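Single-letter residue listing:
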Amino acid sequence: MRKSHPVRRAVLAGAATVSGIVLLLSLKPASDPGSASAAGGAAPPVAAQSPQGGRGAGAGTVTGDAARTQYGPVQVRVTVSGGKITRAEAVQAPKGGQSDQVTADAVPKLNRAAVAAGNADIDAVSGATYTSAGYAKSLQSALDKAAAAAGSAGREPSGSGDGAGGGGAGQGTQVLTGDAAQTQYGTVQVRVTVSGGRITDAEALQAPRGGRSDQVTADAVPKLNRAAVAAGNADIDAVSGATYTSAGYTQSLQSALDRAGG
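Please read these numbers as outputs of a predicted model, since none were measured by experiment. (Residues numbered from 1 in each chain as written. Predicted model: local features only at pLDDT ≥ 70, side-chain atom pairs only at ≥ 80, totals over all residues. Heavy atoms only, no water.)

1. Here's the deal with helix 3 (residues 98–117)
Each α-helix winds once per 3.6 residues, and so residues spaced three or four apart point in a common direction.
Phase 1: For helix 3, spanning 20 residues, the distance from its first C-alpha to its last is 28 Å, which sits close to the expected 28 Å at 1.5 Å a residue.
Phase 2: Of the residues making up helix 3, those classed as buried are Ser99, Thr103, Ala106, Val107, Leu110, Asn111 and Ala114.
Phase 3: Gly118 occupies a position one or two residues after helix 3 and carries a positive phi of about 80 degrees. (Helix = DSSP H or I, 4+ residues; strand = E, 2+ residues; numbered from the N terminus. Expected span 1.5 Å × (residues − 1). Buried < 20%, exposed > 50% of the residue type's maximum accessible area, 1.4 Å probe, protein only.)

As structure tokens, this is what we get:
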């Protein structure tokens, strides 16, 4: 019987060793993803989401129609970005004599008011009623053009196909007003519509008038409009008998096209 004791002790020792190993393995801490996040707090986000408030809203500078007032024309140019007015300036305002002082005082206030309001519903500046009214009118026309341009930019061009053409790909329609050009007989100002890099329409917003000028303007301006569309640039011939009007037209047309290029 004594000879069997060592064998029994060996068996018991082996069983104890196995039990000890199993016990140690059962006490090893878990390392699954769930316990890791619980220990270290919330897991970091995969990626930050960018705000979408200004998505698709581009920036553009638009010049309103010149508004005639008792003391001279007023014309406003605005920069619109993300649907908001970020800058406003008067490219034309009454000048000469007392008007210089009134304009110097009123126009900066009107510019700030336009940016603050974000629309043409602004109060008139005291002592500059006519200038304020003209400013608001020109400002509204600029905002109307900006809205129209934004609407046309959001529409997919009709008839466009993959790989078709390419000359005007990605180019929307722009309505651009040139600077007013002063001539011996009056002011000439041109507005053009540019689509796909080409002039599709041209018109004179201002032209000499009164007396003989009415007849000259009525004859020359339609010819100049057609010439601008046909040429596609400001390199057009002067209309016979309307040299000054033609020169002013060309000057204003070129300034409008320069804006399109910018």
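2. Considering the side chain of Gln92
Phase 1: Tracing the backbone shows Gln92 in strand 3 (residues 84–92).
Phase 2: At 3.1 Å, the side chain of Gln92 and the side chain of Gln75 are in polar contact.
Phase 3: Apart from the residues within four sequence positions on either side, Gln92 is in contact with Ala66, Pro73, Val74, Gln75, Ala180, Gln189 and Gln206. (Polar contact = N/O pair within 3.5 Å; in protein donor to acceptor, adjacent residues only side chain to side chain. Contact = heavy atoms within 4.5 Å.)

3. Structural notes on the packing of aromatic side chains
Phase 1: Here the structure, examined in full by the defined rule, presents two aromatic pairs.
Phase 2: Judged by centre distance (5.6 Å) and plane angle (70 degrees), the rings of Tyr71 and Tyr130 are edge-to-face. One end of the pair, Tyr71, is in the loop between strand 1 (59–63) and strand 2 (75–81); the other, Tyr130, is in helix 4 (residues 129–153), and 59 residues separate them in sequence.
Phase 3: Accessibility expressed as a relative area gives 48% for Tyr71, which makes it partly exposed.
Phase 4: Taking 5.5 Å as the distance between ring centres and 70 degrees as the angle between the ring planes, the aromatic pair formed by Tyr185 and Tyr244 counts as edge-to-face. In this pair, Tyr185 sits in the loop between strand 5 (181–183) and strand 6 (186–195) while Tyr244 sits in helix 6 (residues 243–261), placing the two residues 59 residues apart along the sequence.
Phase 5: In this structure Tyr244 comes out as partly exposed when scored by relative accessible area, which is 43%. (Phe/Tyr/Trp six-rings, centres within 6.5 Å; stacked < 30°, edge-to-face > 60°.)

4. Describing the pattern of salt bridges
Phase 1: Scanning all chains against the criterion turns up nine salt bridges.
Phase 2: Lys109 serves as the salt-bridge partner of Asp105, at 3.4 Å between the closest nitrogen and oxygen. You can see Asp105 and its partner Lys109 sitting in helix 3, four residues apart, about one turn around the helix.
Phase 3: What makes Asp105 partly exposed here is its relative accessible area of 38%.
Phase 4: Accessibility expressed as a relative area gives 37% for Lys109, which makes it partly exposed.
Phase 5: For Asp179, the salt bridge identified is with Arg259, shortest N-O distance 2.2 Å. Here the residue Asp179 occupies a position in the loop between strand 4 (173–177) and strand 5, and Arg259 occupies one in helix 6, the gap between them amounting to 80 residues. (Salt bridge = Lys/Arg side-chain N within 4 Å of Asp/Glu carboxyl O.)

5. Some words on the side chain of Ser141
Phase 1: In this fold, Ser141 is placed in helix 4.
Phase 2: For Ser141, a relative accessible area of 13% corresponds to the buried category.
Phase 3: At a separation of 2.7 Å, a polar atom in the side chain of Ser141 contacts the main-chain amide nitrogen of Asp65.
Phase 4: With residues up to four places along the chain from it excluded, the contact list for Ser141 reads Gly64 and Asp65.

6. Quick word on helix 5 (residues 212–231)
Phase 1: Between its first and last C-alpha atoms helix 5 spans 28 Å; for 20 residues at 1.5 Å apiece the expected length is 28 Å, and the two agree.
Phase 2: Of all the bends found along helix 5, the most pronounced is centred on Ala220 and spans about 25 degrees, while Pro222, a proline, follows it within four residues.
Phase 3: Considered for burial, the residues of helix 5 that qualify are Ser213, Val216, Thr217, Ala220, Val221, Leu224, Asn225 and Ala228.
Phase 4: Count one or two residues on from helix 5 and you reach Gly232, which has phi positive near 80 degrees. (Bend = angle between axes of the 7 residues up to and from the residue.)

7. Regarding the pairing of strand 2
Phase 1: Most of strand 2 is tucked away: five of the seven residues are buried.
Phase 2: Pairing between strand 2 and strand 3: seven bridges, direction antiparallel. Bridge pairing in strand 3 links Gln75 to Gln92.
Phase 3: The antiparallel pairing of strand 2 with strand 3 creates a hairpin that spans two residues between the two strands, and Gly82 there sits at a positive phi of about 60 degrees. (Pairing = 2+ DSSP bridges.)

8. A few points about the pairing of strand 6
Consecutive residues of a regular strand have side chains that alternate between opposite faces of the sheet.
Phase 1: Within strand 6, eight of the ten residues are buried, leaving the element largely enclosed by the surrounding structure.
Phase 2: Taken together, the five bridges between strand 4 and strand 6 define a ladder with antiparallel strand orientation. If you follow Leu176 over to strand 6, its bridge partner there is Val192.
Phase 3: Pairing of strand 5 with strand 6 involves three bridges; the strand directions are antiparallel. Within strand 6, the residue paired with Ala181 across the bridge is Val188.
Phase 4: The turn linking strand 5 back onto strand 6 is made up of two residues.

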